[in-house]
Amino acid sequence: MSIDTQGLFRELNDLRHRYAMLVRALRLMIYDYDVATGNITWSGETEHVCGRSINELDGGIAQWEALIHPEDRERAVRLLGEAEASLSEYDIEYRFAHKNGSYVWILDRGYFLVGPDGKAARMVGMMQNISDIKAIEFERLQMQEEIIAAQERALRELSTPLVPISDQAVALPLVGSIDQRRAGMIIETLLEGVAARGAEIVIIDITGVTTVDTFIADALIRAARAVRLLGAQVVLTGISPEVAQTLVSLGADLSVFETRATLQDGIALAMNGITRSRWNDRDNERQY
């Protein structure tokens, strides 16, 4: 049976042409790494990837290592060694020195070929400049962080709204559930509000709090103690009979609060001229 050598030659040339077109279209930098000698044969779009011609990339594996960003080098070399030892795929992103002095982001994928001794003899792979993709990703992440920060600010304003009652008093009406994160926001909001306004009385209204358990009681007590360190006093309002019973059964220390049944009662207390000195007098009386 005769072999159509001319047909095979045409098919081989066609495959080479398609390969070259694919490399050019994807802007790939192709390498063939000889593990034993450390030499690397480069081809493809080297100038697009790193600004260097093939002739300028004659330093082998040592040059490749040197061109990697110092912060990425240890990881890139370590993973290369691990891939070589396990004959697995090398798949990594790192920063690579461009001829113009900048660093570009590289996607590097390579595969090891086994020699007669069963160990890695060669590695073939490609490097692609993905700096544009990384820039888009960075902008997306930055925008996402800005959106999250805006949401955090909105959530903080909605979940911990500090309302001025008078020159000396502010109120913090709480609605919904209180978790560990919100408890920290409550304390932060109270401290900032007291410090900024010079408030002497802080009203915490829990009428809208759905449930009161040990954690919430402890959070409220911690908030009151933090506020008292700034010299202000705390009025706890909105305590229903059920909540009062719960607080008693939990053994919560309510001595850090002045308590009132409703927010209106707390506001009336603040508006009736209760001053810091009167609160201090009351605290001193409790000590005797």
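Here the residue index of a chain counts from 1 through its sequence in written order. Confidence filtering applies because this is a predicted model: local features only for residues at pLDDT of at least 70, side-chain atom pairs given and counted only at 80 or more, and all residues used for totals across whole chains, interfaces and linings. Only hydrogens and water are set aside; all other atoms, that is, all heavy atoms of the structure, feed into the side-chain values.

K.L.:
Help me understand the overall build of the protein chain in this model?
P.N.:
From N to C terminus, the protein chain includes ten helices and ten strands. Residues count as neighbours in contact if any of their non-hydrogen atoms are within 4.5 Å of one another. For the protein chain, the share of sequence-separated contacts (at least 6 apart) that also reach a separation of at least 24 residues comes to 57%. To measure how exposed things are, a 1.4 Å probe is used in the Shrake-Rupley method; for residues, cover is taken only from the protein chains shown. As displayed, the protein chain offers around 17,000 Å² of accessible surface, 54% of which is attributable to carbon and sulfur atoms. Helix and strand definitions follow DSSP, with helices as H or I runs of at least four residues and strands as E runs of at least two, each counted in order from the N terminus.

K.L.:
Quick question: what am I supposed to make of the sheet that holds strand 9 (residues 233-237) here?
P.N.:
Strand pairs in the sheet, formed through backbone hydrogen bonds, run parallel or antiparallel to each other. Pairs of strands are assigned from DSSP output, requiring at least two bridges between the strands. With mixed pairing, five strands are arranged side by side in an open sheet as 6-7-8-9-10. The open sheet has two edge strands with one neighbour each: strand 6 (163-164) and strand 10 (257-259). Across seven bridges, the pairing between strand 7 (residues 169-176) and strand 8 (residues 201-209) is parallel. Across the sheet, Leu172 pairs through a bridge with Ile204, a residue of strand 8. Orientation is described by axes fitted as lines to C-alpha atoms, over the contacting stretch for helices, and by angles from 0 to 180 degrees between their N-to-C directions. Seen against the sheet, helix 9 (residues 263-271) touches strand 7, strand 8, strand 9 and strand 10 and runs at an angle of roughly 175° to strand 8.

K.L.:
Can you walk me through the nonpolar core in this structure?
P.N.:
Soluble globular proteins: nonpolar side chains tend toward being buried together. One finds Leu174, Leu190, Val202, Ile204, Ile206, Leu220 and Phe257 to be the most contacted residues of the largest nonpolar core, which totals 32 residues. Contributing elements (two or more residues each) for this core: strand 7, helix 6 (180-197), strand 8, helix 7 (214-228), strand 9 and helix 8 (241-250). Among the elements that line this core, the one with the most residues is helix 7, at nine residues. Side-chain atoms within 4.5 Å link the members of a nonpolar core, which is a set of buried Ala, Val, Leu, Ile, Met, Phe, Trp, Tyr and Cys residues. Remark: exposure states derive from per-residue accessible area (1.4 Å probe, protein chains only) relative to the maximum for the residue type, with buried under 20%, exposed over 50%, and partly exposed in between. With 27 residues, the next largest nonpolar core counts Tyr31, Phe112, Ala120 and Met127 among its residues.

K.L.:
Help me out: how do you make sense of the pairing of strand 2 (residues 40-44) in this one?
P.N.:
Along a regular strand, successive side chains alternate from one face of the sheet to the other. Bridge count for strand 1 (residues 28-34) against strand 2 is five bridges, and the pairing is antiparallel. Following the sheet pairing, Asp32 is matched in strand 2 by Thr41. Linking strand 1 back to strand 2 in an antiparallel pair, the connection comprises five residues, with Gly38 at a positive phi of about 85°.

K.L.:
Mind showing me how you'd approach the pairing of strand 7 here?
P.N.:
The buried count for strand 7 comes to six of eight residues, which makes it a mostly enclosed element. Bridge analysis of strand 6 against strand 7 gives two bridges, and the strand direction is antiparallel. For Pro164, the partnering residue across the bridge sits in strand 7 and is Val170. Connecting strand 6 to the next strand, strand 7, in antiparallel fashion are four residues. Tracing the backbone out of strand 7, into helix 6 and back to the parallel element strand 8 gives a crossover that is right-handed. Consider the strands pointing away from the viewer: the crossover is right-handed when the path from the first strand over the helix to the second runs clockwise.

K.L.:
Any chance you could explain the pattern of salt bridges here in plain terms?
P.N.:
One side chain can pair with another of opposite charge once the charged atoms of both are near each other. One speaks of a salt bridge when a side-chain nitrogen belonging to Lys or Arg is within 4 Å of a carboxyl oxygen belonging to Asp or Glu. Under the criterion given, the structure shown has ten salt bridges. In this structure, Arg78 and Glu74 form a salt bridge, with 3.3 Å as the shortest nitrogen-oxygen distance. A residue pair is termed a helical-turn pair when its members lie 3 or 4 positions apart in one helix, as Arg78 and Glu74 do in helix 4 (residues 70-86) at four residues. Glu74 gets classed as exposed once you look at its relative accessible area, which sits at 53%. Here Arg78 makes a salt bridge to Glu82, at a shortest N to O gap of 3.5 Å. Of this pair, Arg78 and Glu82 both sit in helix 4, four residues apart, which is roughly one turn of that helix. A relative accessible area of 38% means that Arg78 is categorised as partly exposed. One salt-bridge network, held together by shared partners, links Glu71, Asp72 and Arg95.

K.L.:
What am I meant to see in the sheet that holds strand 1 here?
P.N.:
The strand order 2-1-5-4-3 describes an open sheet built from five strands, whose pairing is antiparallel. The open sheet has two edge strands, strand 2 and strand 3 (90-97), and neither has a second partner. Shown here is a sheet whose adjacent strand axes are inclined to one another by a mean of 25°, direction ignored. As defined by bridge partners, strand 3 adjoins strand 4 (residues 103-114) across eight bridges and the pair is classed as antiparallel.

K.L.:
Looking at this structure, I do not really get helix 3 (residues 60-67). What am I missing?
P.N.:
Along an α-helix, residues three or four positions apart point the same way, because every turn accommodates 3.6 residues. If you check which residues of helix 3 are buried, you get Gly60, Ile61, Gln63, Trp64 and Leu67. The arc enclosing the buried residues of helix 3, seen along the axis, measures out at 160°, which places them on a common side. Helix 3 presents Ala62 and Ala66 as exposed residues on the side facing more than 90 degrees away from its buried surface. In this structure, the buried side of helix 3 is in contact with strand 1, strand 2, helix 4, strand 3, strand 4 and strand 5 (120-129). In this description, one arc is meant: the one made by directions from the helix axis to the C-beta atoms.

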